[in-house]
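Read off the chains here:
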Amino acid sequence: MEYNHKNIESKWQQYWKDNATYKTEIDESRPKFYVLDMFPYPSGAGLHVGHPLGYIASDIYSRFKRLQGFNVLHPMGYDAYGLPAEQYAIQTGQHPEITTKVNIDRYRSQLDKIGFCYDWDREVRTCNPDYYKWTQWAFIQMFNSYYDTKLQTARPIYELIEHFEKYGSKDIHVACSKDLEFTADEWKAMDDKSKSDTLMNYRIAYLGNTMVNWCPKLGTVLANDEVSEGVSIRGGYPVEQKLMYQWCLRVSAYAQRLLDGLEKVDWTDSLKETQRNWIGRSEGAEMKFKIADSDVELEIFTTRADTVFGVTFMVLAPESAYVDLVTTPEHKAEVDEYIAAIKHKTERERMIDKKVTGVFTGSYAINPLTGDKIPVWVSDYVLAGYGTGAIMAVPAHDSRDYAFARHFNLPVIPLIEGADVSEESFDAKSGKMMNSKGPELNLNGLEVKDAIAATKKFISEKGIGKVKVNYRLRDAIFSRQRYWGEPFPVYYKDGIPMMMDESQLPLQLPEVDKFLPTETGEPPLGRAKNWKTPEGYPIELCTMPGFAGSSAYYLRYMDPKNGKELVSKKANSYWKNVDLYIGGTEHATGHLIYSRFWNKFLYDLGKVCEDEPFRKLINQGMIQGRSNFVYRIKDTNTFVSSGLKKDYDVTPIHVDVNIVSNDILDTEAFRAWRPEFNNAEFILEDGKYVCGWAVEKMSKSMFNVVNPDDIVERYGADTLRLYEMFLGPLEQSKPWDTNGIDGVNRFLRKLWNLFYKGDTLLITDGEPTKEELKSIHKLIKKVTADIENFSFNTSISAFMICVNELTQLKCHNREVLSKLIVLLAPFAPHICEELWHILGTDTTVCDAVWPVHNEEYLKEDNVTYAVSFNGKARYNIEVPADMSADEVQKIALENEAAAKWIDGKTIAKVIVVPRKIVNVVVK
RNA sequence: GCCCGGAUGGCGGAAUCGGUAGACGCGCCGGUCUCAAACACCGGUGGGGCAACCCAUCCCGGUUCGAUCCCGGGUCCGGGUACCA
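Residues numbered from 1 in each chain as written. Chains lettered and ligands numbered in written order. Predicted model: local features only at pLDDT ≥ 70, side-chain atom pairs only at ≥ 80, totals over all residues. Heavy atoms only, no water.

Overall, antiparallel pairing links the 4 strands, which are arranged β6-β5-β9-β17 in an open sheet. Edge positions in the sheet fall to β6 (220-222) and β17 (476-477), since each of these pairs with one other strand and no more. Running at roughly 95° to strand β9 (residues 240-249), helix α5 (residues 129-143) makes contact with β5 (205-215) and β9 of the sheet. (Pairing = 2+ DSSP bridges. Helix = DSSP H or I, 4+ residues; strand = E, 2+ residues; numbered from the N terminus. Contact = heavy atoms within 4.5 Å. Axes fitted to C-alpha atoms, helices over the stretch in contact; angles between N-to-C directions.)

Now the structure itself:
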């Protein structure tokens, strides 16, 4: 019998399906293990060979854990809302639901061919009403909560209302958009609208006027992580800043906990670092500067309180509310003109164009420590959204302030001894202070670190300022002016936003005639007929962003069919959180922040038992494409082989990698590929056309897309799985190169040949030999350790070595081979299932038990020692394993090779170092 | 600019604790089988040298009996982030 992957794979895939082999239930008698993949957005292009990389890795680990006796939860689903389906709908009029369903079916059939052990009964789709009911539910909970900064937890909003009724805003410690002050009487005197507006300042899900990233081309608002370098990540369209009234989530309230939680999780340092930078904690001080001849006080944030003696001007962000307050009548026209000019620029233009610009407001601030009058300017290098939107400028010790001062000819006062500020600023946070003596505070001679502390202490005591921690992390803007997303369970009663009752959920997405904004510029939901509550109140027209549905999906897998709760207490307390999460690093500052936030919020509510959702996280690398090129001689239809191209004037042309093998072009297939190449001529080398190659992104336009279906058809799923893992370390990005896949396919055939020669079954019973035991136990040890380290490429090498050894030994021993099959089953489940069956058991290999190695079989008869003499020479001697160090030394000295280095004079000393290596050092 | 990560044969990559650098696979070369080719199998394969040996893990230096690995400095490549005060 020959190895026939097609029969074997379809047979066992059907068997697993028919017998619900991978169905998972709560089982208190076994320890749980939760392995999760980041669920995919089902795009129209289908899967290419890069997509399953992480899925294969998680599948191997799941199967491994299962064989070790764990009850493994390993689900899959679809992140089904998204822009491409909506844009396709706009172009074609086809409902995104249909497109999405078609794409999901395609994904599913591709995934099924690879032989994953998902429990598909637990599938979730973010666009299903049964699912998004709980996304809407979570939003309502956030609306009905505020964040207590003292208790560091979310609390019900009614507690805050009770407080307002008794004490007003006095003594509250609540995360808010801005500090408000009112008495209990003032609160009670407010009308419903004012009360609603006031509470918005504190709710975790709130409506707020915020600066948003507005993308005119997409017609929607985008979150910070959806924008990079001033353009939208999806589509690459310019993004501008705009003040809009939008739903937001108060993620910033959780900044410190999101930071602290990183200590507890097993993620890579680089990913944690990316999140730390994104959260951007900075300790500093807020300080007040009075404006001369005015009641206005400017509040600024600085991390360099020590440099307050070097402040030579103040700068306001153009959008700052202070601008109107401090601009003098004489300067108003000039300031207005500047601000208008800034508003015209998109974020991208502001970033590319780093010219120093600014305008004087006409006002002067008073330095609270020196009493000096300093001018107040407006400039776009100060951001409205960070700190207070106003800064004290210390040109000597901040490069941006320095550039500004030089451009507008403002004074520069150096404050640190030895700092040369004639050419550039001195930004380092070290050195001794000078020029820093005022009437009440003297920092001269102090180290910067101590000067910061001294200044903080002084300003706190004097009431000039206070110590303050700032975070870069902003609240998440939660409204999208789009159709294909979760509708908000919100209606407006006399202009006041109200939450729907939970019994009314899910609020289903309405039908619309077109997926475009309305003529009056309202979002697509504005086209829906009767988009009103039964009482006739209008319903919110925006939908939720992409990250809404992906923020808690891992919880829903635990209890996907529960109609009463997001997840039952029972299911949650058994499955707890994700033990292993595998996905791309591109979600570092988006999904992985939002879902941690979302989970922490649910934790505060007591709905989930773990405050971190993903215990261990692995980022699989990207699989890049490996493009092939042919070289057309200019103005001809003749193509020259890569090695000869330097003699001609050529244009490289991408050629479909599927008609190239080992960089050799199939010239006939090339002629048939495109009509214009019908009569192509070739200049060959050694009778072959050799293509050039380059590593590029895998994409249709580069003709380097390799489809997993084609590989499965030709070599089988087991070969694909092994080859993807064999390509290199999981975390590393690497190009896909189908050359080399024969190697792992050959390995599987060699494995098969241990069982069969022709149609003869070779399996023997009886005791394995010493060599056979050694080979298999070496493998058990290696593979067990490698899987735990996600070092799948080296375990496959180990399998190859073992199978070669067993072939050499002519080993067909049942005991040895059954161990081998169990070890390989996570990697190549189909062939192992078949061979397991051939070995004559009535269970599936999925129910086998992972073997444990025995050190006894691994003992070496001989040990190699490294011997060195005064570092001048080293050689290796092989001696029996049980030989003592003294004897080794003796042999070393007697050794001929050693003798010529010792000169017969000196005596060697033996040092035993780890790994049974002996060094002989001459005294 | 700042923060991470990386650099090893013709190629992908091993060396998991500082101990024979190049495992395993691809490719290539030679052989067996075949009328021939493909498949399969066997052998060889970092460079130099007839050889003993010598030189090789991006470059320069250090620690060590011994460095791909640890330390200092530099070059190049990849990723993240960016007026964050």
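Membership of the largest hydrophobic core comes to 187 residues, with the highest contact counts inside it found for Trp-247, Leu-249 and Leu-820. Looking at this core element by element, the count peaks at 9 residues for α5. Core analysis: the next-biggest nonpolar cluster, separate from the first, contains 41 residues, Ile-291, Val-308, Val-376 and Val-378 among them. (Core = buried A, V, L, I, M, F, W, Y, C linked by side-chain atoms within 4.5 Å. Buried < 20%, exposed > 50% of the residue type's maximum accessible area, 1.4 Å probe, protein only.)

Attention now goes to the packing of aromatic side chains. Scanning all chains against the criterion turns up 60 aromatic pairs. Look at Phe-164 and Tyr-202: their rings are 5.5 Å apart centre to centre, the planes differ by 55°, and that puts the pair in the tilted class. Within this pair, whereas Phe-164 is found in helix α6 (residues 157-167), its partner Tyr-202 is found in the loop between α8 (192-200) and β5, the two being separated by 38 residues in sequence. For the pair Phe-164 and Tyr-202, one class covers both residues: buried. Relative to Trp-575, the ring of Tyr-574 lies with its centre 4.7 Å away and its plane at 80°, an arrangement referred to as edge-to-face. What links up through ring pairs into an aromatic cluster is the set Phe-33, Tyr-61, Phe-64, Phe-70, Phe-790, Phe-792, Phe-799, Phe-827 and Trp-850. Above the ring of Trp-120, the side-chain terminus of Arg-108 is found at 3.9 Å from the ring centroid. (Phe/Tyr/Trp six-rings, centres within 6.5 Å; stacked < 30°, edge-to-face > 60°. Lys NZ or Arg CZ within 6 Å of the ring centre and 35° of its normal.)

Attention now moves to the side chain of Gln-481. Note that Gln-481 resides in the loop between β17 and β18 (490-493). Taking the relative accessible area as the measure of exposure, Gln-481 reaches 11% and is therefore buried. A polar contact is formed between the side chain of Gln-481 and the side chain of Gln-246, at a distance of 3.3 Å. (Polar contact = N/O pair within 3.5 Å; in protein donor to acceptor, adjacent residues only side chain to side chain.)

For the rest of this paragraph, the subject is the confidence of the model for chain A. Summary statistics for chain A give a mean pLDDT of 87 and a share of 92% for residues scoring 70 or more. Long-range and interchain partners of residues 896-923, a stretch whose pLDDT sits below 50, account for 56 contacts in this model, where long-range means more than four residues apart. (pLDDT = per-residue confidence, 0-100.)

The next thing to look at is unusual backbone geometry. Residue Pro-506 is reached from Leu-505 by a cis peptide bond, and omega for that bond is -5°. Relative to the assigned elements, Pro-506 resides in the loop between β19 (496-499) and α16 (546-550). Look at Asp-293: it is not a glycine, yet its phi comes out positive at around 60°. Within the secondary structure, Asp-293 is located in the loop between β10 (282-291) and β11 (297-302). Backbone geometry places Asn-530, a non-glycine residue, at a positive phi of 55°. Here Asn-530 is to be found in the loop between β19 and α16.

As defined by bridge partners, β5 adjoins β9 across 10 bridges and the pair is classed as antiparallel. Within β9, the residue paired with Gly-208 across the bridge is Gln-246. Here β9 pairs with β17 via 2 bridges, running antiparallel. By the bridge assignment, Leu-249 is partnered in β17 with Ala-476.

Moving on, we get to empty space enclosed by the protein. Per the stated rule, a full pass over the model turns up 3 cavities of 30 Å³ or more. Of the voids in this model, the largest cavity is the one considered here, and its volume is about 60 Å³. If you go around the largest cavity, the residues you meet are Tyr-22, Arg-63, Arg-66, Leu-67, Cys-117, Ala-825, Val-845 and Cys-846. In terms of residue class, the lining of the largest cavity is made up of 6 nonpolar, no polar and 2 charged. (1 Å grid on protein atoms, 1.4 Å probe; cavity = no way out; pocket = protein on both sides within 12 Å on 5 of 7 lines; lining within 4 Å. Points joined across faces, edges and corners; volume = space filled by probe spheres on them. Nonpolar A, V, L, I, M, F, W, Y, C, P; charged D, E, K, R; others polar.)

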